[in-house]
Protein chains: 2
Amino acid sequence: MSTGTDISFFFSPKSIAIVGASPRRGKPSHVIVESLKRIGYPGVTYLVNPNYEYIDGSRCYRSLSEIQDDIDVAIFVLPASIVIEIMERTDNVKGAIIVSAGFKETGSAGTKLEEELKGIGERKGIRIIGPNCMGIYDTVSRIDTYFTPEERVRRPKRGGLSILTQSGSFAEMIVDEMASEGIGVARIVSYGNRVDVGETDCLNFLMDDEATKVIVLYMESVDDGRRFVDVAARCTKKKPVVAVKVGKREAGVHAARSHTGAICGRYEIYRAAFKKAGIIEVDGYEGLKDACKVLNTYDLVEGNRVLIVTDGGGVGVSMADACEDLGLDVSKLTEETRKRLSAKLPGFFATGNPIDLTGSVTDEDYVIALEEGLRDAFDVVIVTILWGPPKLTEKLADKLKEARDKYQKPILICSPSSGFTRSMAKRFEDKGMPVFFTPESAARAAAVLAGHRM
Amino acid sequence: MSTGTDISFFFSPKSIAIVGASPRRGKPSHVIVESLKRIGYPGVTYLVNPNYEYIDGSRCYRSLSEIQDDIDVAIFVLPASIVIEIMERTDNVKGAIIVSAGFKETGSAGTKLEEELKGIGERKGIRIIGPNCMGIYDTVSRIDTYFTPEERVRRPKRGGLSILTQSGSFAEMIVDEMASEGIGVARIVSYGNRVDVGETDCLNFLMDDEATKVIVLYMESVDDGRRFVDVAARCTKKKPVVAVKVGKREAGVHAARSHTGAICGRYEIYRAAFKKAGIIEVDGYEGLKDACKVLNTYDLVEGNRVLIVTDGGGVGVSMADACEDLGLDVSKLTEETRKRLSAKLPGFFATGNPIDLTGSVTDEDYVIALEEGLRDAFDVVIVTILWGPPKLTEKLADKLKEARDKYQKPILICSPSSGFTRSMAKRFEDKGMPVFFTPESAARAAAVLAGHRM
């Protein structure tokens, strides 16, 4: 019996079976069992392997059918041909996560196996995530099917970001990066070759998922173009959806084919589809990271007008360039606002946009710049802080947070360079103010908030 | 007497005077004296201020003329109008570094002061760096005129990179960043409003400076377009010159004007000039950072063919995209090479370009990929390493270094994500292999090595 498009049971399984469980530390199936324990999966875990009676003190079943229970999710960590055999004999499984590689991505023999797998799933009504994937990392239902140990790939805390990806390596990269940035995530799904469940079913689920505030897509190809645009368009009415399309050009397209067997299609078609569905497109890994960081804190804004405040002229110029390169509007201040600023700030400060507070800056000057600058119509503020100026103090974090809360505008901090700067950056991030370390990165984040309207 | 275009004395001064010296810790002039001590400036330092007889136990002179010595470099840290007064009365100074702001960047009154300053310099044959600048950070002659304390802005070690910049804040950012990246520098000159000495004179000096291996330019505007192209063209025949042009569009152009009084001119003209002079243009701060990092280790290459080796399919696809976006040639491997690779590696590894070693990768697989892949004609190699795969060990750094030395091709490491990855990255960097943390960053670095040929 097919469960149709409903895949919610993958995100609230009462029981999980690990097919191909192993007592050997470091083996993928062993890591998965450990990951489930560590995250505190609250359901029942069954181990399956005919070669063992017990693994680490837990009973090990000879087969899925020996388990006198319905299995919500069976995780397969076995060679491709054995996966097919077992799937063929299985009758008590609702969904399968097939971690194993060796399918379509390896050529014609693998493609045949993948077709068999697809047929079995359809015939038996077993929904499939994978093959050739990492599966699910879910802080809400506490599921972690990732086979990379936490010592190597850290796991992020709970938060509102959900991420969908064909690439398993991308899933690894992004969980580690989110953990290190302190960004919280809800559900991260890696579906690899996507024999069945793909971004459209997942979007359909995440759209009404209360735990998910923002959705990020890493796409090599699309499962079902028309349905994707339809579902995504409904989704973007409820929460922001950001996407990066990889495999844009020849080499990338070839690489994607041997990676997840994806046929990438023409990039221009994707761009048009994203636009139609209201998806915010970002460029590459850097764009995606910046989007995750900024959407972890701020909601989208209505317009694309950016106010830049800086204490370094050069970095202000770079910031203006970077913003304009992305189509953001770095409008001048009104004459009235310039006059107010000039009355309150030293004469050699520049009251344009950027407002340049120079190396003579004090904490309070930033507050004045925001107070007066935001009388004009801006949607986003980028505050650049170089920590060379001697009168700046650590109290600036509190002052800017106050200003943000008072004026209700998203403030992005940009603090290039490292050392002292990073220690100061931490103070801002601890107060929930995202800090970016290059002008380009801050500009990309601002463009995401503006929905990348050009 | 004008010294013509020779400014080499700025980089080997026998005597330095600090005009406006102060006993107050944290004051710019005090920081400069401390900076000179810390870096171990080997010449004579004179303090000048009529209000003190001694500062921190050193004699303080009432005026420059009271010093019975020729001063190679006088550093002015005083209000703009006083700078003019003193310059007018000075006869024993060869060169001046005028740190003070309050000149052209502040409007018409300041512009008048700056014109006066220019006139005095020309009449008296005093060469001027500045005003509104940081001056010189020079690890070769051990000079540091930067007025930001090291606790806030760290100073890099000695190396072969020389950097020229109008922006003082950019100078601060880049010294701190280079220090944190462990990249060595030779001479970093910030000349601010550039009343006299600018990039062309500096290029002319650095061209034959043995300590300088690579030159990096941060330009808002150019001092003398025709002469610049002429000097730069001779310079690029001797060593790589990389430039970023900021103030590209409207807001940036306006900001640059109020920053260093620069008239930016049309960006397209700069592009054409860079091309004509053989300068490698990079985009923004990120591009410049990547260029510094890669040129700290590698020489330019002849062609633009990139071999990508990866253990993550998704990041391989992203890398191919990023390379192609920058005009690099991600050519396929020859059939013969693919066959050799297939014979030596597991069947499910992808032998395209990228060569995808998958999560089953071992250290040795990377070596095989390089050994066989480099039988084909490639100019640069990007090796992506995700550290999730359990069989990878820390020995990989040694193996890749060996391969690099054996095949004599620049190998750029790309290891996105953090935590464990960063600790592994350190091993590569300690062996002189540059590591980049995003696909885009590695691709930008490769494009720089290829001279950004499209």
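Higher on the page you've got the structure.
Residues numbered from 1 in each chain as written. Chains lettered and ligands numbered in written order. Predicted model: local features only at pLDDT ≥ 70, side-chain atom pairs only at ≥ 80, totals over all residues. Heavy atoms only, no water.

**A few points about unusual backbone geometry**
Here comes step 1: Here A:G130 and A:P131 are connected by a cis peptide whose omega angle stands at 0 degrees.
Here comes step 2: Counting through the fold element by element, A:P131 comes out in the loop between β7 (127-129) and β8 (135-138).
Here comes step 3: With omega at 10 degrees, the peptide bond leading from A:N353 into A:P354 counts as cis.
Here comes step 4: Take A:P354: it is sitting in the loop between β16 (350-351) and β17 (355-356).
Here comes step 5: Its identity as a non-glycine residue notwithstanding, A:T358 has a phi of 60 degrees, on the positive side.
Here comes step 6: With respect to the element layout, A:T358 can be found in the loop between β17 and α12 (363-373).
Here comes step 7: We note that B:D56 has phi near 50 degrees; this positive angle belongs to a residue other than glycine. (Helix = DSSP H or I, 4+ residues; strand = E, 2+ residues; numbered from the N terminus.)

**Some thoughts on the interface of chain B and chain A**
Here comes step 1: At the interface, 70 residues of chain B touch 70 residues of chain A.
Here comes step 2: For the pairing of chain B and chain A, the buried interface totals around 5100 Å² over both sides, and the portion due to carbon and sulfur atoms is 54%.
Here comes step 3: The tally of links from chain B across to chain A stands at 4 salt bridges.
Here comes step 4: A salt bridge links B:D325 to A:K248, with the nearest nitrogen and oxygen atoms 3.2 Å apart.
Here comes step 5: Linking chain B with chain A are 26 residue pairs in polar contact (both at pLDDT 80 or more).
Here comes step 6: Listing elements by their share of the side of chain B that touches chain A, those giving two or more residues are α4 (168-181), α7 (250-260), α9 (284-295), α10 (313-325), α14 (420-430) and α15 (439-449) of chain B.
Here comes step 7: Examining the composition of the side of chain B that touches chain A, we find that 9 residues originate from one element, α10(B), more than from any other.
Here comes step 8: Looking at the side of chain B that touches chain A residue by residue, the classes come out as 25 nonpolar, 24 polar and 21 charged. (Contact = heavy atoms within 4.5 Å. Buried area = accessible area lost by both parts, 1.4 Å probe. Salt bridge = Lys/Arg side-chain N within 4 Å of Asp/Glu carboxyl O. Polar contact = N/O pair within 3.5 Å; in protein donor to acceptor, adjacent residues only side chain to side chain. Nonpolar A, V, L, I, M, F, W, Y, C, P; charged D, E, K, R; others polar.)

**Observations regarding the packing of aromatic side chains**
Here comes step 1: The tally for this structure, following the rule as stated, stands at 20 aromatic pairs over all chains.
Here comes step 2: Look at B:Y46 and B:Y61: their rings are 5.6 Å apart centre to centre, the planes differ by 75 degrees, and that puts the pair in the edge-to-face class. In this pair, B:Y46 is assigned in strand β2 (residues 44-48) and B:Y61 in strand β4 (residues 58-61), connecting sequence segments 15 residues apart. For the pair B:Y46 and B:Y61, one class covers both residues: buried.
Here comes step 3: Three or more aromatic residues joined by ring pairs make a cluster, and in this case those are A:F170, A:Y218 and A:Y285.
Here comes step 4: Residue placement shows B:K293 over the ring face of B:F436; its charged tip is 5.5 Å from the ring centre.
Here comes step 5: It is B:R422 that lies over the ring of B:F437; its NZ or CZ is 3.6 Å from the centre. (Phe/Tyr/Trp six-rings, centres within 6.5 Å; stacked < 30°, edge-to-face > 60°. Buried < 20%, exposed > 50% of the residue type's maximum accessible area, 1.4 Å probe, protein only. Lys NZ or Arg CZ within 6 Å of the ring centre and 35° of its normal.)

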